[in-house]
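One letter stands for each residue in the lines below.
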Amino acid sequence: PSLADSDYASCDVQFNPTMYDSGSVAKGSILAYRAARADNLEGDGSYSLHSILGCARSDASKPMAILGGIDGIPQMSYWSTSDAMEDKSIYTNFGRSIPPDSATTKAAAELMSKLGYTYVGVSYVDDAYGSSWKDGFVRACSEMTCKDADGQPIAGSSCPIQVITSGLIGGNQDSVKQSVNIFKAANVKVGIVVTFDDDWNWWIEEAVANGMIGDDYFWVVGDGVMTANVIENANNNDKRMANGMGRLSAIGGLEGNPNFDKFLADWAAFDSDADLKTYAESVFFDYVADAGHAANLASGAAGGWHPEGTDMSVLGSTFFADNAPDDVATYAYDAVMALGLGSCKYAAAGGTFDGDFDGNALFQKITQLNFNSLTNNAFFLASGSRDPASANFVLENFSCPASESCTSRKMGKWTAANGFVDNDPDAPFIYASGLTTPPADVVKPEEMLNLLSDGLITTGQFLVFLNYGIAATFAALTFKYQKHRVVRSSQPMFLIMVLVGCCVSTSAILAFGENDGGDYSKADDVNCMLQPTLYSLGFTFSFAALFAKITRIAKIFGNKRLSKVTITWIDMMKPIVALLLLDVVLLALWSSDEKAALKWERVPKTVDSQGNVLESVGMCTAENPWLYGALILALHFSVLVYGNYMCYKSRNVGTTFAEGKYVFMAMVSNLQIMALGLPMLIMVYDNPTSNYFMRTGIVFMNDVGVMLLIFVPKFYLILFGSAEAIQGSTATSNNTSSGQTSDGGDNQEMQALMDEIERLKQELADKE
């Protein structure tokens, strides 16, 4: 970075580094910290340990950061990304040159959302790093918004991604295999693997053994797995282990950054820099491999903490040429620079590194840095973590042609502000299939929708039009014979009202057949309130006509004093209008009540372990429809009972005036259908086929029964009955307690008298 700042130009701070190996585990971290403190104990009881560079793994950084925070020692990690370490009440002086996992997981979630995935997996090493990454990814997936046709987020929308999580124990091959098998059992085809190199090699090996690679799968590795390792492992074993896969990471240096480009150009030349190699060998590798490493770790010994089995006391002549810098190297470079530049700022502000050393003040200076380095313009959050806005989040695409070695290319960069931006729109991501179309995230099992069959709906429609045809036939006959004594005495207007009511009621069958076709988005296309509205109004219209007619006959023939009774058509319309008005009011209130109004809803009946709906039922339902439904049922049931009572009272009136036993039969039929049909409908409520069959049968039988019972006897009498039968049909019978009498005898006497009059007239004519 540029050192033009006067604080840097006059800075006389020099690092005196000592390397301690934590073994990338928590216990090793504690032992390493204890060793460092012991090695830097001064004679006056103070410590000359002023800062910590590392650890690499979050699991190791956590205990060291706690201890360093207690002692006021700033720590700058280059690879520990756990979000948990943002808690400054625990990790007081912990900082890092790499952004926390929350930023990377947000990028990962947006990648999955951009690709249209709704069901993904995350296999993670169950340590501080992996667990934090998993938690951040699950949280970010739950907060995803929907995308429009152009892939842009829709403000205010919510399209969460379901995540299957599968933890594993790092370094345990059996645990890694179990993690893969969890994905297989859950039918996960798209996922992110958040482990380290060795665990990834086992993971993909097990995936191959389970047939979980190839055209139908898409795996992405996190930044714990190095690009070079993925390529080497695939080249040495099976190229399918990398082909078409991705790697998403907060990458270190990017080509195009002048500082990084210069760093790469200088790197290979370091082999010929004798002073640099001597410094590295003397400072970092001046020890012989410690054979007691494992024993020290087991016993908790503080001394001799060096990498087991490693001897780098002398760097090879082509060490730098043979080992290109990776992301860790660039972030480590920035971590060193942050400690150095922060120390210069601290010294310039009057800070010292003697007994008055103030580690907290040094840490605050680090958090205020903003410098241009290998990994972009680096600046920090108040917590000491690298600000995600200054990092490079990059998606890589692995490609493994059959006759060539595997390679990786950087597809683009992600930022919180702009999302993913491709480096070259004309060179899109290539998946294992060789196509640019991502594989499906899950092959969902076929859902049993329980739709009504076309044949059943057609049958219902046939019954509707059959009733229409019957009603039209009776209406035509009524119009044709409107002046006939039988029709005239039955009042044609009320007969037509019965037919209209039956047709309206029957039309409800058409509404019964409406459904969403299995499309959850078409729920609003189904008008559920049309069903009770048509049936209720049709029932009331037809029944009210019969009810008014029965009431009229009862008044006339129940007139025991034989006083004059005048009943106009307005009087007869009063009960009809009253019943219809009450029905309309109840239906209007029902439809306007959000909690009571029936709405179409497709309800899952069976769901598998992955959340896939195996069986669903579409039905009209509401939060609380029972109040209005019960009131309408009570109204209909009450008038049915009362109507049957009126029929019983007028049972002895001639059929021309009250339709005698046929009206009574129609009333009883209505009552029976309602009393028996309702419990059966409740029993088959969630079975669409049975429910439709029952409702259609109830409505059809009720309407066709009324029409046949009211009209067939009349027109049979008109078309095929004799004059005597028609005359006899108007006879009024009266049952008394002393026996049965009939005015049929009076009719016979009248006929005899008429015959006698005719005979006398003939005799008078003969005498003249």
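In what follows, the structure referred to is the one given above.
Notes on the structure in this doc start here. (Residues numbered from 1 in each chain as written. Predicted model: local features only at pLDDT ≥ 70, side-chain atom pairs only at ≥ 80, totals over all residues. Heavy atoms only, no water.)

What to know about the pattern of salt bridges
Which entries qualify depends on this criterion: For salt bridges, the criterion is a side-chain nitrogen of Lys or Arg within 4 Å of an Asp or Glu carboxyl oxygen. Only protein chains enter the area calculation, which uses a 1.4 Å probe; residues under 20% of their type maximum are buried, those over 50% are exposed, and those in between are partly exposed. Note on conventions: DSSP H or I runs of at least 4 residues are helices, E runs of at least 2 residues are strands, and numbering of each starts at the N terminus.
Tallied over the entire structure, the rule returns 13 salt bridges. Across the salt bridge formed by Asp-135 and Lys-134, the nearest N and O atoms sit 2.9 Å from each other. Overall, the relative accessible area of 38% leaves Asp-135 in the partly exposed class. The exposure class assigned to Lys-134 is buried, which follows from its relative accessible area of 17%. Salt-bridge contacts for Glu-615 lead to Lys-605; the nearest nitrogen and oxygen are separated by 4.0 Å. With a gap of 10 residues between them, Glu-615 in strand β15 (residues 613-621) and Lys-605 in strand β14 (residues 599-607) connect regions that are remote in the sequence. The buried category is assigned to Glu-615, whose relative accessible area is 19%. Under the relative-accessibility criterion, Lys-605 is labelled partly exposed at 46%. When salt bridges with common partners are traced through the structure, they connect Arg-247, Asp-327 and Glu-396 into a single cluster.

With respect to the state of the cysteines
The following threshold applies: Disulfide: a pair of cysteine sulfur atoms within 2.5 Å of each other.
Under the defined criterion, the tally for this structure stands at four disulfides. The residue that forms a disulfide with Cys-400 is Cys-406, at a sulfur-sulfur distance of 2.0 Å. With the S-S bond torsion at 115°, the cross-link from Cys-400 to Cys-406 turns out right-handed. By relative accessible area, Cys-400 is classed as buried at 8%. Its relative accessible area of 5% is what places Cys-406 among the buried residues. A sulfur-sulfur separation of 2.0 Å characterises the disulfide bridge that pairs Cys-528 with Cys-620. Because the torsion about its S-S bond is -80°, the bridge between Cys-528 and Cys-620 counts as left-handed.

So, the environment of Met-85
Inclusion rule: Note on contacts: a residue pair qualifies if any of its non-hydrogen atoms lie within 4.5 Å across the two residues.
Locating Met-85 in the fold gives a position in the loop between β2 (75-77) and β3 (94-96). Ignoring sequence-local partners within four residues, the contact set of Met-85 consists of Ser-58, Ser-61, Lys-62, Ala-65, Tyr-91, Phe-94 and Arg-96.

Brief notes about unusual backbone geometry
Cys-55 follows Gly-54 through a cis peptide bond whose omega is -5°. When you line up the elements, Cys-55 lands in the loop between β1 (52-53) and α3 (58-71). For Asn-187, which is not glycine, the phi dihedral falls at a positive 60°. Within the fold, Asn-187 resides in the loop between α6 (173-185) and β6 (190-194). For Asn-450, which is not a glycine, the phi torsion comes out positive at approximately 55°.

Considerations on the packing of helix α17 (residues 492-506) against helix α24 (residues 688-720)
Heads up, the rule is: Axes here mean lines fitted to C-alpha atoms, for a helix over just the part in contact, with angles spanning 0 to 180 degrees between N-to-C directions. What sets the label is the angle itself: under 35 degrees gives roughly parallel, over 145 gives roughly antiparallel, 65 to 115 gives roughly perpendicular, and the rest give oblique. By definition, any crossing whose near helix is turned counterclockwise from its far helix by less than a right angle is left-handed, and any crossing with a clockwise turn is right-handed.
Where α17 contacts α24, the two axes come as close as 9 Å, and the packing angle between them is 160°. Judged by the angle between their axes, α17 and α24 are roughly antiparallel. By crossing handedness, the relation of α17 to α24 is classed as left-handed. Seen from α17, the contacting residues are Leu-495, Val-498, Leu-499, Cys-502, Ser-505 and Thr-506; seen from α24, they are Val-699, Asp-703, Val-706, Met-707, Ile-710, Phe-711 and Lys-714.

Notes on the sheet that holds β2
Selection rule: Strand pairing follows a simple DSSP-based rule, namely that at least 2 bridges must link the two strands.
Overall, parallel pairing links the three strands, which are arranged β1-β2-β3 in an open sheet. Either end of the sheet is taken by a strand with one partner, and the two such strands are β1 and β3. Sheet analysis places β2 next to β3, joined by three bridges and oriented parallel. Bridging across to β3, Ser-77 finds its partner in Arg-96.

Notes on the sheet that holds strand β12 (residues 407-415)
On the basis of which strands lie adjacent, the open sheet formed by eight strands has the order β5-β4-β6-β7-β8-β11-β12-β13 and mixed pairing. At either end of the open sheet lies a strand with only one pairing partner, and these are β5 (162-168) and β13 (419-422). Averaged over all pairs of adjacent strands, the angle between strand axes in this sheet comes to 25°, irrespective of strand direction. Bridge analysis of strand β8 (residues 246-251) against strand β11 (residues 392-399) gives six bridges, and the strand direction is antiparallel. Bridging across to β11, Ile-251 finds its partner in Asn-392. The strands touched by helix α4 (residues 101-114) are β4 (119-125), β6, β7 (218-221), β8, β11, β12 and β13; relative to β13, the strand with the most contacts, the crossing angle is about 70°. The sheet strands contacting helix α5 (residues 128-142) are β4, β5 and β6, and the helix crosses β4 at an angle near 165°.

Overview of the side chain of Ser-179
The topology assignment puts Ser-179 in helix α6. Excluding anything up to four places from it in sequence, Ser-179 contacts Ser-123, Ser-166, Gly-167, Leu-168 and Trp-203.

Focus on helix α8 (residues 227-236)
Along α8, the positions that sit buried rather than exposed are Thr-227, Asn-229, Val-230, Ile-231, Asn-233 and Ala-234. Elements in contact with the buried residues of α8: α7 (197-209), β7, β8, β11 and β12.

Re the nonpolar core
How we decide: In this description, a nonpolar core means a group of buried Ala, Val, Leu, Ile, Met, Phe, Trp, Tyr and Cys residues linked to one another through side-chain atoms lying within 4.5 Å.
If you look at the biggest cluster of nonpolar residues, it comprises 87 residues, and the most contacted ones within it are Met-112, Phe-137, Trp-200, Trp-203 and Trp-219. The element that contributes the greatest number of residues to this core is helix α13 (residues 327-348), accounting for 10 residues. Ile-457, Val-498, Ile-509 and Ala-545 belong to the second largest nonpolar core, which has 44 residues in total.

Considerations on the environment of Glu-206
Mapped onto the fold, Glu-206 is located in helix α7. Between the C-alpha atom of Glu-206 and that of Val-176, which follows or precedes it by 30 residues, the distance is 8.2 Å. Once residues within four sequence positions are removed from consideration, Glu-206 is found in contact with Lys-177, Val-180 and Asn-181.

Observations regarding helix α15 (residues 454-480)
Stated formally: A helix is expected to reach a length of 1.5 Å times the quantity of its residues less one.
For α15, built from 27 residues, the straight-helix expectation of 39 Å at 1.5 Å per residue is met to within 8% by its first-to-last C-alpha distance of 38 Å. Restricting attention to buried positions, one finds in α15 the residues Leu-456, Ile-457, Gly-460, Leu-463, Val-464, Asn-467, Ile-470, Ala-471, Phe-474 and Thr-478. In this structure, the buried residues of α15 make contact with α16 (485-489), α17, α18 (508-512) and α24.

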